[in-house]
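Here's the letter readout for the chains.
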Amino acid sequence: ARISYADDVAPILVRRCLACHQAGGPAPWSMDDFATVQGWSPMMREVIRTRRMPPWQADPHVGRFRNALALPRAEERTLVHWIEAGAPRGEGPDPLSGDALPAAPEWPLGTPDLVLEAPRQEIPAMGVVPYRYLTVAVDLDRDVWIRAADVRPTNPAATHHATAFIVYPDGGAPPDVEGPRWNRGLFAGYVPGRAPEPFPDDGGFRLPRGSRIRFQLHYNTTGRPEVDTPRVGLYLSDAPLAHELKIGAAVNLDFEIPPGAPEHEAEAVHRLGRDIVVYRLTPHMHYRGRRMAIAAEHPDGRSELLLSVPRYNFNWQHQYVLAEPLRLARGTRIVARAAFDNSADNPANPDPEVLVTWGEQSFDEMLIGYFLYRDAGPGPTREARAEPERAE
C-alpha cells in the first residue's frame, strides 16, 4: 500500500525498461499503459527475481562498469513488492500512457552531423540470409574525426546486427589493430538493446577525405517479407581528437564443438604488440555460447580477471564499458575463455547432433573477445592489479 504506481513504479520502468519495451523496440511487448504492465507483472516478477531482466550479464563481483544495466537492489525490491501486492493502480496519472510519455528520440545522442543511408534492403520471409556488405560514399571535402557514431536500422525486428567500417581512400592504409586484419576500420555497430555511447577519453576514429563507409548487415527472417534501410549517424570533429581509437580482438577460428557436448571449453588468445589503454570489452558467441571470461595475463606472470559473463545470452550482446581505463603493457596476453553448450538441454541450440565450428551464421559459432583501445601515451589510467581468477 505504501508503493505508488505513479510515483514509485512507473519512473523505474521509464528509466530502466522503456528503451526496449516500446513500439518498434526489440522487446516482445510494449509498456504502453498501466493495464499492459499489470497483465505482464507475474512474468516481470519472474525475470527480475532470476536476474534475466534488465538483461545485464556481468558477474557483479568482477570489475566495475560505467554502463551497468542491473537494477539497484532498492528498485528491485520496489517492483517485486508492488507486484506481489497485486500490482495496484493507486492514485495519480499514468506516466506510461501515450500522452504522458515524451516521444523517443530518433537519435539518442542528439542530431548527428552527418547521416549516411544504405540502399533499401528486402529480406525474404524464410530461409538463411547471407551477410550483406554495402559501401556508401562520404560527402565531405575535408579530413574529420568521428567522436561518436550510432548505427540504426529502420527494422529492428529483422536486424540481427549491423556494423560499420571505414574504407580508407586509395593509398591510405587503415591503422594496424591488435587482432585480426579484418577488424581494421571497424568503428561502430548495432545489436538489439545496446545503447549508443560517445567514444571515451576525448578519443575517436580518423575519417580522411575520400573515405567511404562499409556496412556489414546480418538479417533474420521473421516469417513474412521485411524491408530495412540501415543508417549510421556520425558526430564529427574538425579538430583532431586527443586519441585515435581502435577495436582489437582475441579470436579463435579453429575450435570444434562435439555433438551433444554440454560444456565444451575453448579459449582465444591475443598477445599485445604494444602498450595500450583499454576502455571496453565485448564478448561474442552464438546460440551455443554458455559463458565467457576475459582476463589479462601480464608479462610478469600476474593475472587479472577483467570481465566474467557466467550466463551468456546471445540475444543481448553487451559492450562492457570499464569504469576506469586500464593500461596494459606490451606482451600482455588477452585471453577469452569460453564454454559452449551443444546439448539438447540448451533450448536455443539449433541442432545438438552436429559438430560445430567457426562460421558467420548464428547456427555456426564464434569465439571473440573484442576490446576498444588506444595506443598508450601520457594520461591518468588505472594500472593493472593482481587478482586471482575466479572459478565459474
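Within any chain, residue numbers begin from 1 and follow the written order of that chain's sequence. Per-residue local features of the predicted model are confined to residues with pLDDT of at least 70, and side-chain atom pairs are confined, for both listing and counting, to 80 or more; whole-chain, interface and lining totals are unaffected and use all residues. With hydrogens and water excluded, all non-hydrogen atoms of the structure serve as input to the side-chain values.

Novice: It is not clear to me how the pattern of salt bridges should be interpreted in this structure. Could you clarify?
Specialist: A side chain with one charge can pair with a side chain of the opposite charge if their charged atoms come near. What counts as a salt bridge is simple: a side-chain nitrogen of Lys or Arg found within 4 Å of a carboxyl oxygen of Asp or Glu. Taken as a whole, this structure holds 26 salt bridges when the rule is applied. Between Arg 52 and Glu 46 there is a salt bridge, and its shortest N-O distance comes to 3.5 Å. Arg 52 sits in the partly exposed class, given a relative accessible area of 39%. Among the ionic pairs, Arg 291 bridges to Glu 263, the shortest N-O distance being 2.5 Å. Taken together, the positions of Arg 291 in strand E14 (residues 289-297) and Glu 263 in the loop between strand E11 (243-251) and strand E12 (264-271) put the pair 28 residues apart, joining distant regions of the chain. Buried means the residue's accessible area, taken with a 1.4 Å probe over protein chains only, is under 20% of the maximum for its type, while exposed means over 50%, and partly exposed covers the values in between. When its relative accessible area of 14% is taken as the criterion, Arg 291 is described as buried. On the basis of relative accessible area, Glu 263 is assigned to the partly exposed category, the value being 37%. Working definition: helices are DSSP H or I runs of at least four residues, strands are E runs of at least two. Numbering for both runs from the N terminus.

Novice: Would you explain the packing of helix H2 (residues 34-49) against helix H3 (residues 73-84) in this entry?
Specialist: Geometrically, a packed helix pair is captured by the angle between its two axes and the distance between the axes. Direction vectors running N to C along H2 and H3 enclose 120°, while the axes themselves pass 9 Å from each other. With respect to H3, the element H2 is oriented oblique. Pair H2 / H3 crosses with left-handed handedness. For the pair H2 and H3, the contacting residues are Phe 34, Val 37, Ser 41, Pro 42, Met 44, Arg 45, Ile 48 and Arg 49 in the first and Glu 76, Leu 79, Val 80, Trp 82, Ile 83 and Glu 84 in the second. Of the residues that constitute the contact of H2 with H3, the class distribution is nine nonpolar, one polar and four charged. With axes taken as lines fitted to C-alpha atoms, and helix axes fitted only over the stretch in contact, angles between N-to-C directions fall between 0 and 180 degrees. Angle categories are assigned with fixed cut-offs, so that under 35 degrees is roughly parallel, over 145 is roughly antiparallel, 65 to 115 is roughly perpendicular, and the rest are oblique. It is the rotation of the near helix from the far one that decides the hand of a crossing: anticlockwise by less than a right angle makes it left-handed, clockwise makes it right-handed. In what follows, a contact means two residues having at least one pair of non-hydrogen atoms within 4.5 Å. Think of it as three bins: nonpolar holds Ala, Val, Leu, Ile, Met, Phe, Trp, Tyr, Cys and Pro, charged holds Asp, Glu, Lys and Arg, and polar takes everything else, Gly as well.

Novice: Looking at this model, I keep getting lost on the environment of Leu 217. Mind explaining?
Specialist: Mapped onto the secondary structure, Leu 217 falls in strand E8 (residues 212-219). Beyond its immediate sequence surroundings of up to four residues, Leu 217 is in contact with Gln 121, Pro 130, Tyr 131, Arg 132, Leu 134, His 161, Ala 162 and Pro 230.

Novice: Quick question: what am I supposed to make of the sheet that holds strand E5 (residues 159-167) here?
Specialist: The strands that make up a sheet pair up through hydrogen bonds in the backbone, lying either parallel or antiparallel. Spatially, E3-E8-E5-E6 is the arrangement adopted by the four strands of the open sheet, whose pairing is antiparallel. Two strands in the sheet have a free side with no partner beyond their single neighbour: strand E3 (132-137) and strand E6 (186-190). Strand-to-strand twist across the sheet, computed as the mean angle between neighbouring axes with direction ignored, equals 20°. A pair of strands is treated as paired once DSSP finds two or more bridges between them. Bridging between E3 and E8 involves six bridges; their strand directions are antiparallel. In the sheet register, Arg 132 faces E8, and the bridge partner there is Leu 217.

Novice: Explanation requested: the sheet that holds strand E15 (residues 303-309) in the structure shown.
Specialist: Read from one edge to the other, the open sheet built from four strands follows the order E12-E17-E14-E15, with strand pairing classed as antiparallel. In the strand order of this sheet, the two ends are held by E12 and E15, each with one partner. Taken pair by pair, the neighbouring strands of this sheet meet at an average axis angle of 20°, ignoring direction.

Novice: What is the right way to look at the environment of Arg 311 in this model?
Specialist: Relative to the helices and strands, Arg 311 resides in the loop between E15 and strand E16 (320-328). Using a relative accessible area of 55% as the deciding quantity, one classes Arg 311 as exposed. When the C-alpha positions of Arg 311 and Asp 139 are compared, they lie 44 Å apart, and in sequence the two are 172 residues distant. Those residues in contact with Arg 311 that sit more than four places away from it in its chain are Thr 50, Arg 51, Gln 57 and Arg 290. The term polar contact refers here to a pair of N or O atoms within 3.5 Å; inside protein, the definition further demands a hydrogen-donor-capable atom paired with an acceptor-capable atom, and it admits residues adjacent in sequence only when both atoms are side-chain atoms. In this structure the side chain of Arg 311 is engaged in a polar contact, spanning 3.1 Å, whose partner is the backbone oxygen of Thr 50.

Novice: Sorry if this is basic, but what is going on with the confidence of the model for the protein chain here?
Specialist: Any residue range with low pLDDT should be treated as having predicted coordinates unsuitable for detailed reading. For every residue, the pLDDT score states the predictor's confidence, bounded by 0 at the bottom and 100 at the top. Chain-level pLDDT for the protein chain is 91 on average; 95% of the residues reach the 70-or-more range. Segment residues 379-392 is flagged for pLDDT under 50; beyond a separation of four residues in sequence, or across chains, it makes 39 contacts in the model.

Novice: What am I meant to see in the nonpolar core here?
Specialist: The tendency in soluble globular proteins is for nonpolar side chains to be buried side by side. Throughout, nonpolar core names a set of buried Ala, Val, Leu, Ile, Met, Phe, Trp, Tyr and Cys residues whose side chains join them through atoms within 4.5 Å. Judged by nonpolar contacts, the single largest core of 43 residues is most densely connected at Ile 146, Phe 187, Phe 205, Leu 207, Ile 213 and Leu 234. Setting aside residues no more than four positions away along its own chain, Phe 205 makes contact with Val 144, Trp 145, Ile 146, Ile 166, Leu 186, Phe 187, Phe 199, Leu 245, Lys 246, Ile 247 and Leu 372. If you look at the next biggest cluster of nonpolar residues, it comprises 34 residues, including Leu 306, Val 309, Val 356 and Phe 371.

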